[in-house]
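Breakdown of the fold
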Amino acid sequence: MSDPVLQTQNVKFKYERNTPDVLDDVTMSIERNVKTAILGANGAGKSTLFSILNALRKPDSGEVLYNGSPLSYRKKNINRMRSEVSILFQNPNDMLFRPIVEQDVAYGPENMKLPKDEVQKRVDDALFAVGMSEFRKSPTMKLSYGQRKRITLAGVLAMKPKVLIMDEPTAGLDPQMACEVMEIAEQLYRSGVTVIMSSHDTDLTYSWADEIHVMRHGKCVYSGPAEPFYSDKVEVYLSGLMPPMAFVMNEGLSSCGTVEREPFPRTQCQMSAKIGNSKASAGTLHIIPVEDGSDINALIDDNGFGDMTTGIYGMSARRAQDSSKARIDFVYNGPENCTLKCLSGSDAVLFCDPVMVESARASADYINKGGFADISLDIRN
Amino acid sequence: MHHPGLPKVLDGFDLEVEEGSRVGILGANGAGKTTLFYTLTGVYKPQEGEVLFRGQPIQYTADGLTEVRSKVSVVLQNPDEQMFCTLVEEDVAFSPLNIGMDRDEVEVRIDKALRDVRMSEYRKRPLQQLSGGQRKRVAIAGALAVDPEVMIMDEPTAGLDPQSSMEVMELAEKLHLRGVTVLISTHDIDLAYGWADRINVLRNGRKVYSGNSEDFYSDPENVHLCGLLPPSTFNMNREVSSMRGLSPAPYPHNSCEFLAKFGDKCNAGRIFCVPYKEGTGLSERHAEAAREAGPEAKIGVYGPDSRNALNGERIDFYFNGIDSCFSEAVLGRDSVLIYDEIFDTTVREQAEALRTLGADVRLEAVR
């Protein structure tokens, strides 16, 4: 059932008179708690759309609806809405307001008039989430671009938004940090936050998003699942995009009968399972939910996991690994890497946050349902 | 290299770049990549050690630096850091004029460079009115206008949409084929894996690896410490090879090689090759090739000149034409590939790489 959290209806917007519309009659519906990607070429209007969704700009005509009600653009209403709908800009320099890291991260929560110790706790948690705890007293200007990007992410996390809009969240980040940002996005989604993301990395959005909206010359030209869009070569070309690699390879292999076309593989390990056609029996994926203070070393010893490949996934799992100094094989992309291990016949154990269990098992479920391998799942509670 | 009172940004750093090679520079945020590039072009002078260009130490005098900069161009990650002028054409002219090129020659260079990055129609426009992606292309045009012998690009595809990224990589390949040494730093490990002959990995201001990609990615501990992740093609090849009981080598680097290694073996299709020379007609040859290849054959393009010369002809793969047409061939289907003639070498090398993976793709010349 449709449950839109943010909608635009016939929105038009231009920056200056006598220039073309940057948004030209955009009607779009963003569903509550659906992982949503906004795609399009440079200059298609994505960032402008975001500023309209966040009420930073007012449409020249048309309406923006939040939870079904049109935005009123009165200061009080806008402030309330912005405490729930946060935006993370592409360029961190556009959103650092205060000189010291911890002050900057506290900016949002303080504006929300939260009690002091709550602000403090949120700053702590947010800085840990982005791996920047040790920089809390640093001047923001002395940080590198990637570090500043993390600080701005901490700033929006500290506001605990209900809707988070992320404009190119991984651009300029190294591969590991990009991976952590995607993990944070997944965790927010699993915690009930609606996450909307734009990215030029079509492989990344393909593996993550459930629904895509494609912008072209200020219009929304497609809304729906990714595959029907990427199947239409002309539309993809006109939109300035390229089909994701997993999609291209699956199309190639299915066109000559090596594999069935569906189910569509969206990640490395789904793709590997589908074409690997393994004769060996797959291993067991142990998924162990952990909390902040869990002792991972003890969990490994008590369960006899000592010889297994290990991975972590999620915020609490990261904290637990940090405090127990456990040696972990896959600190990044834990679910994918552990599932790959199982495919090649070994067992693997993944320590993850309780809310992340569904995400952690997604690839194994895909593989088992598709009949590509039979990975045993051992999920502890 | 370091700032007084701060840790060294580059520390005991030795690097050798082979003339004419495609070099990837990898490392986490803050590893020292950008500082390295500034040092290589003489913008920063090392506090200790030397930078040699073709065996000679760089002279940090006006003449010495002009000499380096007439041969070595750099495109910074953030285009705004290297734009000094108001109009597009002035900005592209900046470096050529700076190294003392005469005005007529500069005009020719501006034309050519802007055409290469598909920005000709913006020649008289103020830079301020351009989008980030467009400014990036102007910055690349400015570097091309010097006609450099070494091209250094810091995150050339960051912030660009997928098609613009493909165009930038086509340009990099074109420079390579003209004999230019190309250095690219990028966080896009899949891109570097498909492109570079050799990678240099930086970590905390030191070079910790120099060599081919496979040896580096085969050492997960080191990859992890360097803030990197293995490319998806590398990962999938390792896993699927092990599931199928195959050796990981030969390593596929792109889709067509991957399909050749793991697809059902079949008789490879033919590629009807149309190398395009600027200024010649393309429509007739397109029609001829399409006739020879048959109505089912897909048609792909590679290279800015060919793409510009098209005029409404049917095309299936506007970008990534080489990989796409070879994928078709590997899957047993004929196709037509139109490319700028300089890419002849790239096409032949791709056919050769596929042969080692067991796919014998026939290249048919279209007269």
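Residues numbered from 1 in each chain as written. Chains lettered and ligands numbered in written order. Predicted model: local features only at pLDDT ≥ 70, side-chain atom pairs only at ≥ 80, totals over all residues.

**Considering the overall build of chain A**
In terms of regular secondary structure, chain A is built from 15 helices and 14 strands. Against the compact-globule benchmark of 21 Å for 381 residues, chain A has a radius of gyration of 22 Å, which places it among compact chains. In terms of principal-axis extent, the alpha carbons of chain A reach across some 65 × 55 × 40 Å. Within chain A, the proportion of its 381 residues that are buried is 54%. (Helix = DSSP H or I, 4+ residues; strand = E, 2+ residues; numbered from the N terminus. Rg over C-alpha atoms; globule rule 2.2 N^0.38 Å. Buried ≥ 20, exposed ≤ 12 C-beta atoms within 10 Å, placed from the backbone.)

**Structural notes on the nonpolar core**
A:Ala154, A:Leu350, A:Phe351, A:Cys352, B:Ala141, B:Val330 and B:Leu337 are the most contacted members of the largest nonpolar core, which has 226 residues in total. Here the element with the most residues in this core is helix α6 (residues 175-190) of chain A; it accounts for seven residues. A domain split of this core shows at least three residues from each of domain 1 (4-238) and domain 2 (280-379) of chain A. Once you skip the residues sitting within four places of it in the chain, B:Ala141 turns out to touch B:Val92, B:Ala113, B:Leu114, B:Asp116, B:Val117 and B:Met119. (Core = buried A, V, L, I, M, F, W, Y, C linked by C-beta atoms within 7 Å. Domains from an automatic or database assignment. Contact = placed C-beta atoms within 7 Å.)

**What to know about the sheet that holds strand β11 (residues 335-340) of chain B**
All names here are of chain B. Taken in spatial order, the four strands make up an open sheet running β10-β11-β9-β12, and their pairing is parallel. The open sheet is flanked by β10 (298-302) and β12 (362-365), the only strands paired with a single partner. In this sheet, adjacent strand axes meet at a mean angle of 30° when their direction is disregarded. Sheet analysis places strand β9 (residues 270-276) next to β11, joined by six bridges and oriented parallel. Looking across to β11, one finds that Val274 is bridged to Ile338. Across the face of the sheet, helix α12 (residues 283-293) comes into contact with β9, β10 and β11 while running at roughly 175° to β9. (Pairing = 2+ DSSP bridges. Axes fitted to C-alpha atoms, helices over the stretch in contact; angles between N-to-C directions.)

**Notes on the interface of chain B and chain A**
Taken together, the contact pairs 41 residues of chain B with 42 residues of chain A. Going through the elements one at a time, α5 (132-144), α6 (162-177), α10 (232-244) and α11 (255-262) of chain B are the ones with two or more residues in the side of chain B that touches chain A. It is α10(B) that contributes the most residues to the side of chain B that touches chain A, eight residues altogether.

**Section: the sheet that holds strand β11 (residues 284-289) of chain A**
All names here are of chain A. If you walk across this open sheet you meet the four strands as β12-β13-β11-β14, and the pairing is parallel. Both outer strands of the open sheet, β12 (309-313) and β14 (376-379), are each paired with one neighbouring strand and no more. Strand-to-strand twist of the sheet, defined as the mean angle between neighbouring strand axes without regard to direction, takes the value 20°. Two strands pair when backbone bridges link them, and β12 and strand β13 (residues 348-352) are joined in this way by five bridges, in the parallel orientation. From the neighbouring strand, Thr310 faces β13, where its bridge partner is Val349. Taken strand by strand, helix α14 (residues 334-343) contacts β11, β12 and β13, and its axis lies near 155° from that of β12.

**Looking at unusual backbone geometry**
Of note, the amide linkage connecting A:Glu262 to A:Pro263 takes the cis form, showing an omega dihedral of 0°. By the element assignment, A:Pro263 lies in the loop between α10 (245-255) and α11 (268-276). Of note, the amide linkage connecting B:Ala249 to B:Pro250 takes the cis form, showing an omega dihedral of -5°. With respect to the secondary-structure elements, B:Pro250 resides in the loop between α10 and α11. For A:Asp25, which is not glycine, the phi torsion reads 65° and is therefore positive. Along the chain, A:Asp25 falls in strand β2 (residues 23-31).

**Regarding the domain arrangement of chain A**
All names here are of chain A. We note that the domain assignment places domain 1 (4-238) and domain 2 (280-379) within chain A. Elements supplying a minimum of two residues to the side of domain 1 that touches domain 2: α4 (116-129) and α6. If you tally residues by element for the side of domain 1 that touches domain 2, the top one is α6, at six residues.

**Brief notes about the pairing of strand β10 (residues 219-224) of chain A**
Residue and element names in this part refer to chain A. Here strand β9 (residues 211-216) runs beside β10; their pairing, made up of five bridges, is antiparallel. Paired with Ile212 across the bridge in β10 is Gly224. What sits between the antiparallel neighbours β9 and β10 is a turn of two residues, in which His217 has the positive phi angle 45°.

**Side note on the packing of α14(A) against helix α15 (residues 357-369) of chain A**
All names here are of chain A. Orientation of α14 relative to α15, taken along the N-to-C sense of each, is 35°, at an axis distance of 9 Å. Considering only the axes of α14 and α15, their crossing is right-handed. Note on element contacts: α15 touches α14 through Ser359, Ala360, Ser363 and Ala364, opposite Pro335, Glu336, Thr339 and Cys342. Of the residues contributing to the contact of α14 with α15, the split by class is four nonpolar, three polar and one charged. (Left-handed = near helix turned anticlockwise from the far one by under 90°. Nonpolar A, V, L, I, M, F, W, Y, C, P; charged D, E, K, R; others polar.)

**Considerations on the environment of B:Ser73**
Residues and elements named next belong to chain B. Note that Ser73 resides in strand β4 (residues 72-75). For Ser73, a count of 23 C-beta atoms within 10 Å gives the class buried. Once the C-alpha coordinates of Ser73 and Met151 are considered, the two residues, 78 residues apart in sequence, prove to be 5.0 Å apart. Dropping the residues within four chain positions of it, Ser73 is found in contact with Ala143, Val146, Pro148, Met151 and Ile152.

**Points about α12(B)**
Each α-helix winds once per 3.6 residues, and so residues spaced three or four apart point in a common direction. All names here are of chain B. Among all positions of α12, only His286, Ala289 and Ala293 are buried. End-on, the buried residues of α12 take up no more than an arc of 70°, which puts them together on one face. Exposed side chains of α12 directed beyond 90 degrees from the buried face belong to Ser283, Glu284 and Ala287. Packed against the buried residues of α12 are β9 and β11. Positive phi appears at Gly294, one or two residues downstream of α12, with a value of about 95°. (Arc of directions from axis to C-beta.)

**Considerations on the environment of A:Ile38**
Residues and elements named next belong to chain A. Positionally, Ile38 belongs in strand β3 (residues 36-39). Its 27 C-beta neighbours within 10 Å are what place Ile38 among the buried residues. Ile38 sits 119 residues away from Leu157 along the chain, and the two C-alpha atoms are 21 Å apart. Filtering out sequence-adjacent residues up to four positions away, Ile38 remains in contact with Lys46, Leu49, Ile196, Ser198, His213 and Met215.

**Description of the pairing of strand β5 (residues 150-154) of chain B**
All names here are of chain B. Most of β5 is tucked away: five of the five residues are buried. One ladder, built from five bridges, connects β5 with strand β6 (residues 181-185); its direction is parallel. Each residue of the ladder has a partner; that of Met153, found in β6, is Ile184. Each parallel crossover has a hand, and for β5 linked through α6 to β6 it is right-handed. (Right-handed = clockwise from strand over helix to strand, strands pointing away.)

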